[in-house]
Each structure stands twice: as structure tokens, then as C-alpha cells.
Amino acid sequence: MAYYVLKRLLLLPVILFVLSALIFSLVMFLNPYERLAVFIPNADAVGSSIPFEELIARYGLDKPFYVQYYEWLGRIVHGNLGWSPSARMPVAEAIARYFPATVELMSLGAVIVFVGGILLGTYSATHHNRLFDQAARVGTSIGVSLPEFIFGLALLVIFYAWLGWFPPGRLSSWAENVVYLSGFHRYTGMNLVDSLLNGRLDVFIDALRHLILPAIAYSIGMLSTMLRLMRSSLLETLQKDYVTTARAKGLAEKVVINKHARRNALLPVVTFAGSIVAKMLGGAVIVETVFNYRGMGMFVVTAAQGLDFSAILGFSLLIGVIIVLTNLIIDVMYTILDPTVVLR
Amino acid sequence: MNTLLRVVRNPLGLTGLVLVLLWAFIAILAPVISHPNPRDAYSIARIGFSSLPKPPSPKALFGTTSGGYNILYGIVWGARTAFRVGLIVVSVSALIGVLVGGVGAFLGGIVDEVLMRITDLFMSFPFLIAVIVMSIVLGKGIDKVIIALIIFGWRTYARVMRSEVLSVKERDYISAAESLGAGKLRIFFRHILPNSIFPVFIIASLDIGTMVLIAASLSFIGVGAEPGYADWGQMINFSRSWLLGTVNNPFEYWYTYTYPSIAILTFVLGWTLLGDTLRDVLDPRMRKIE
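None of these values were measured; they are calculated from a predicted model.

Draft legend 1. Quick look at the overall build of chain B. Looking only at helices and strands, chain B has 13 helices and 0 strands in total. Taken from N to C terminus, the helices and strands of chain B fall in the order α-α-α-α-α-α-α-α-α-α-α-α-α. Expressed as lengths along the three principal axes of its C-alpha atoms, the size of chain B is roughly 75 × 45 × 35 Å. When burial is assessed residue by residue, chain B has 49% of its 290 residues classed as buried. Taking all contacts inside chain B whose residues are at least 6 apart in sequence as the whole, residues at least 24 apart take part in 67%.

Below you can see the structure in the form of C-alpha cells.
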């Protein structure tokens, strides 16, 4: 097991190398002038006085692909992800600032998806073809095809514009003053955790009020998939012989469901969990834009609109690391849930 | 025919089919419902250039957004854009996927190994983020979005096709064809392909809605269609500034976001319901549980 994990971790740099070469070569499709434009904020105002050729030569933008890639890789290895013009700070710093916000959002979303999906899915399966089950089947069909940004906008119109309960953004301005100006310690960068560590319950509630809508908006689709998956997987398991045996032994139905059936029914759920992380990272881009929530997603959208390639490359590398690590964790979880799976 | 009958008998399947047909009808009749813009049919016709949205009126039944863009026009011609995106992306991705997965599994050995490692590489990146990065590099425009979606869209089909072909090529009738002296090409196209392509159709029908949704999301965050293009996602991006309404009436500009949202929602829901029902009908394993 330890050997397997080590082997996978050693493979990580190789995957990142291939991935970065792929993304970097995509960027190379643009001509040097387009890539130079990123570094000149208001080219129209400065006009023709810019010595384009000289700048391209100075930054080496016209060198062959592999030379540029090699130089870029050299900087990355030394921890220099470059400067992001759209965020007006180094890429590494921008990631350190915005990533915790996205992790916070994803964690809350994951709680909704897993707890809600497993509980509701179990209920739906144990009450097969009853009213709740029928409603769940229709509801999940709608939930799966409900686009995050439309659902998010609907939530904003109802709960912000109309009722005024949940505002967009990350914090109210008074809470922002507390977090950024006073003696507030930012241990993790995640407002929910930091406010509790600082003993500021008011900030915690404010942060939660801002988080709740985006978290709901982007977990609804995954919650629907999770519910369906749990339901059908449990229905299949409940037909297995060992469940009949457990019932015949006279075990309480609750024990049969919780101890015998659900544990085995969880396997497809774990497989889905792997794809959930990827889905959530994508969803974060959309949902953060809708709710004006300053996290990685908004950072990359701003970068995209400004053709800010160092930011996009840095972001892509981060995503690559996360995906590889998630897949590893999923594989390890398999062995815990299903002892017949052996990792080599 | 039998399949279609079973889809229609299922209430959810029937709803899906009706929704898809309804949108197909609107897309086909677009020039009749909304007279095409003489400059470019896919650029939303404008009624005046007012910076404020205008409520529904006889001139613009669904109202106009800021800049005088006619919402009804955008919805009707946007249906064509949606079908174009969905059908092109899914058919081309499926074709590439079927060839990559099918040929890999059929030939086996080093070819399969190389093709699958390439597929793995494409699989290793979250789809939405990959497509966003790709369309940034390609530039603005719905055609660029279509290309970006295809570049990362074929991978699922390759996986599914590969596993299907791997099981089909071990069947007895393939050995029979081989012993009769059929060539490799003939075996692949006449015997293996027709018997392994069903799952691809099911995924494709489910995928059309998803792809249209992702294209709309791209336009929504501003890396897809140009402003003013008849595209539902782009129209919702327009309406974002009008979400809050006015102090007295929070729903003052309801028409700017309601109509495009309903359009996307019903289009995607239609394909999801249709695809789901198709899968249940065609996959007997699922039928038992349902």
C-alpha cells in the first residue's frame, strides 16, 4: 500500500510535466505580439511609440517553443509562477489569496452533496416507488439539467434582490474591515475557520450568509446525481442474497440497511466522488462569477478576459496537482471500503 | 420503432421528446417567427439603442435588453445556435471517440496502449476548465467554442467504445467472420461497429444538452460568443446587470433573464429526459431496477 502510494506520488511530476507542456504549447499558438500585449495595459493610449520588436526580443517571445518552455520551466521549478497583470500581483500570491476561498466553498458544497445525497438516496431506495421516491426521480431529473448559472441567478433574484437575506460577495464591508484591518489573525484564509479561531461569531455568521447561496447553487446538480446513484446502487444491493440472509437472521431493518447494504452500495458513490472534485472546480468558475465571490474561479475568469497567460498556466498546474492527488485518495479509499481490492 | 414507442409510453420520455421537437420546430421556423436581420441573421436585431431594457410590447413581444437587442429574436435564433453547437460537437466528438476507442481496442497492443494514454491525458483535466482555457487561446466566437468542446469532448466516447469493442470482438460471430476470410476492415465496419455503437448513441443523446449548457456557460462568463450574437448564454450575460431591478420593484427587468433562462432550461431538460429514457429502454440492466 505504502509502496503504491509512493509510486503514484513519484509519477506526479511526470504528469505535471506533460500537462504543462500541453498547456504551454496551446499558448504558443498565439503570435508573439498577442503574448506581448498582456504586458502593455493600455496599448491604445500609448499607441505606436511602443518598440514591439525590441520588447519581443528582450523577453524572448520569438524564440523556438522548446527554448521558451525550458526557460519557463526553470522559473516554475524555482517557485516563480510569474506576474499576473490582471490580479496585479505575483501568480503564486494570487493563488495563496484566492484558493482558500474556493476550498471553503467546495467544502461546504461537498457536505451538502455527500450528506444530502447519501441520506436522501437511502431514503428514496428504502421507500421505493412511494411518494418521496417518485418526487425524487422527477426532482433529480430537473436538478441534473439545471444549469449552475441560471439556478444561481434565480437564487440571487429571490434571496438578494427581493428578500435581501443573502448578499453576494465574500463578506459584508464591516466584516471585511474586521478581517483585514484589526488584529484578526488569518490562519487559513478561510473565513469560516478563521472567524471561529479568532472567536468572532458575528464574522462567522456573516461569512456563512455569503457562502450559503453559492454553495447551494453549485451543489444542486451533483446532489441530484449523488441521490440517483445512491438510490439505484442501494436498490441493486438490496436484491443481493446476503441482504436476504441478514433479514432472515431476524436483524432489524435499520441494521440491514446501515451495516450490510449501504456499505457495499457506497462503492459507485466513491467513484463518483473523484469526478465531483473535477466538477466542483469547474463549477466554482461559473458560480463564483455569478455571486461575485472572489476565489480561484473569478481569478481565472478575470485572467481569461485579460489574456493573462502566466495566471492561466499557474492555475492549470494547480488543478493538475489537485486532480492527481484526488485520484490517489479515491484509489486508497476503495481498499478501505472494499477489502477485495488490492493496490499494486 | 419499438424503441420509440417505449420512449413515448414513458411520461418523462414523452416530455423530453416533446420539448426537443418543440425547439427543433422553433429553430426550423426561425425566419418565419422572427424576420432575419438583413446584416447577419445570427446577430440579434435591435429596436432602438436605448441603454435601459424595455418591457414587452407589440414590437418586441419579449421586450428588449440594454442596447435595444430584441429578446424574442435572440431566443428564436438562439435555438438554431443551440442545435448547431449540440449536434456538431456531439457528432464530431462521437466520431473521433468511436474511431480512437474502436481502432485501439480492435488492433490492441501498442496502438491501443498509445491511444489510451493519450485519452488518459485528456481525461486528467476537468472538462469545463479545459474548455475555458482552450477557448481563451482560440479567441472569441461560437465556432471557437465548438472546436474547444470537440477537442476535449471525444474522450468519453473513446473510453466507452473501447470497452464495448473489447467485449464484442471476443464473440463467436467475429471468429466466424474471420474463418470465412473476411478482411480486417470488413470485420471492423460490418460486424464490430454496428454491434458496439449503441452505448455511444445513448451517451450522445445525453451529451447534447450538456454541451449546449457548457457553451452557454462559456458565453456567460465572457469567453464564448461575441456580444450581440444570438446565443442564450450570451443573452443571460447581458441580463446580469439588470438582476437587481429598481428599489421599488426588484423584478422590474424580469424579462431580461427569465426568457433566456427558460429557453436553456427546457432545451437541456428535454435532452436529459430523452437520453435518460433511451438508456432505460435500451439497457435491460437498468430496466430491472426502475
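Having seen the model, we can carry on.
Draft legend 2. Quick look at the overall build of chain A. If you tally the helices and strands in chain A, you get 15 helices and 2 strands. Across its three principal axes, chain A shows a C-alpha extent of roughly 85 × 55 × 40 Å. When the 344 residues of chain A are sorted by exposure, 36% land in the buried category.

Draft legend 3. Highlighting the packing of helix α4 (residues 71-107) of chain B against helix α10 (residues 198-221) of chain B. All names here are of chain B. One way to put it is that α4 packs onto α10 with a least axis distance of 8 Å and a crossing angle of 135°. Considered as vectors, α4 and α10 are oriented oblique to each other. Both α4 and α10 take part in a crossing whose hand is right-handed. Contact with α4, carried on its side by A82, V85, G86, L87, V89, V90, A94 and V98, involves V200, A204, D207, I208, M211, V212 and A215 of α10 and no other residues of that element. Grouping the amino acids of the contact of α4 with α10 by side-chain chemistry returns 13 nonpolar, 1 polar and 1 charged.

Draft legend 4. Highlighting the interface of chain A and chain B. At the interface, 37 residues of chain A touch 36 residues of chain B. For the side of chain A that touches chain B, the secondary-structure elements that each account for two or more residues are α1 (2-27), α7 (131-145), α8 (148-162), α11 (201-238), α13 (253-291), α14 (296-305) and α15 (309-337) of chain A. It is α8(A) that contributes the most residues to the side of chain A that touches chain B, 7 residues altogether.

Draft legend 5. Representation of the nonpolar core within the structure. V300(A), I312(A), V131(B), I132(B), L149(B) and V212(B) are the most contacted members of the largest nonpolar core, which totals 167 residues. Among the elements that line this core, the one with the most residues is α13(A), at 18 residues. Filtering out sequence-adjacent residues up to four positions away, L149(B) remains in contact with V89(B), V131(B), M211(B), I214(B) and A215(B).

Draft legend 6. Looking closely at α13(A). For α13(A), spanning 39 residues, the distance from its first C-alpha to its last is only 44 Å, which falls clearly below the expected 57 Å at 1.5 Å a residue. At R262(A), α13(A) shows its strongest bend, of approximately 50°.

Draft legend 7. Local environment of the environment of L243(B). Structurally, L243(B) is set in the loop between α11 (232-239) and α12 (254-282). Along the backbone, L243(B) and A182(B) are 61 residues apart, and their C-alpha atoms lie at a distance of 64 Å. Once residues lying within four places of it in the same chain are set aside, the contact partners of L243(B) are L153(A), L156(A), V157(A), A161(A) and Y257(B).

Draft legend 8. Seen up close, the confidence of the model for chain A. Model confidence for chain A is summarised by a mean pLDDT of 80, while 94% of its residues fall at 70 or above. When mean pLDDT is compared element by element in chain A, helix α6 (residues 91-126) of chain A scores highest at 88, while helix α3 (residues 43-46) of chain A scores lowest at 57.

Draft legend 9. Here's a closer look at the confidence of the model for chain B. Residues and elements named next belong to chain B. Per-chain confidence: chain B averages 82 in pLDDT, with 96% of residues scoring 70 or above. Between the elements of chain B, mean pLDDT differs from a low of 48, seen in helix α13 (residues 284-289), to a high of 90, seen in α4. Across residues 286-290 the pLDDT falls below 50, and counting only partners more than four positions away or on other chains, this stretch makes 7 contacts in the model. Taken together, the chains of this predicted complex give a pTM of 0.82 and an interface ipTM of 0.78.

Draft legend 10. How the structure looks around the packing of α10(B) against α12(B). Residue and element names in this part refer to chain B. The geometry of α10 relative to α12 is characterised by a closest axis approach of 9 Å and an angle of 165° between their N-to-C directions. For the element pair α10 / α12, the angle class is roughly antiparallel. The chirality of how α10 crosses α12 is left-handed. Note on element contacts: α12 touches α10 through I264, F267, V268, W271, T272, L274, G275, L278, R279 and L282, opposite F198, I202, S205, L206, I208, G209, V212, L213 and A216.

Draft legend 11. A look at unusual backbone geometry. Residues and elements named next belong to chain A. Residues other than glycine seldom take positive phi values, yet N129 does so here, at roughly 65°. In this fold, N129 is placed in the loop between α6 and α7. Among the residues examined, N129 registers 10 C-beta atoms within 10 Å and is labelled exposed.

How each quantity is defined
- Residues numbered from 1 in each chain as written.
- Chains lettered and ligands numbered in written order.
- Predicted model: local features only at pLDDT ≥ 70, side-chain atom pairs only at ≥ 80, totals over all residues.
- Helix = DSSP H or I, 4+ residues; strand = E, 2+ residues; numbered from the N terminus.
- Buried ≥ 20, exposed ≤ 12 C-beta atoms within 10 Å, placed from the backbone.
- Contact = placed C-beta atoms within 7 Å.
- Axes fitted to C-alpha atoms, helices over the stretch in contact; angles between N-to-C directions.
- Parallel < 35°, antiparallel > 145°, perpendicular 65-115°, else oblique.
- Left-handed = near helix turned anticlockwise from the far one by under 90°.
- Nonpolar A, V, L, I, M, F, W, Y, C, P; charged D, E, K, R; others polar.
- Core = buried A, V, L, I, M, F, W, Y, C linked by C-beta atoms within 7 Å.
- Expected span 1.5 Å × (residues − 1).
- Bend = angle between axes of the 7 residues up to and from the residue.
- pLDDT = per-residue confidence, 0-100.

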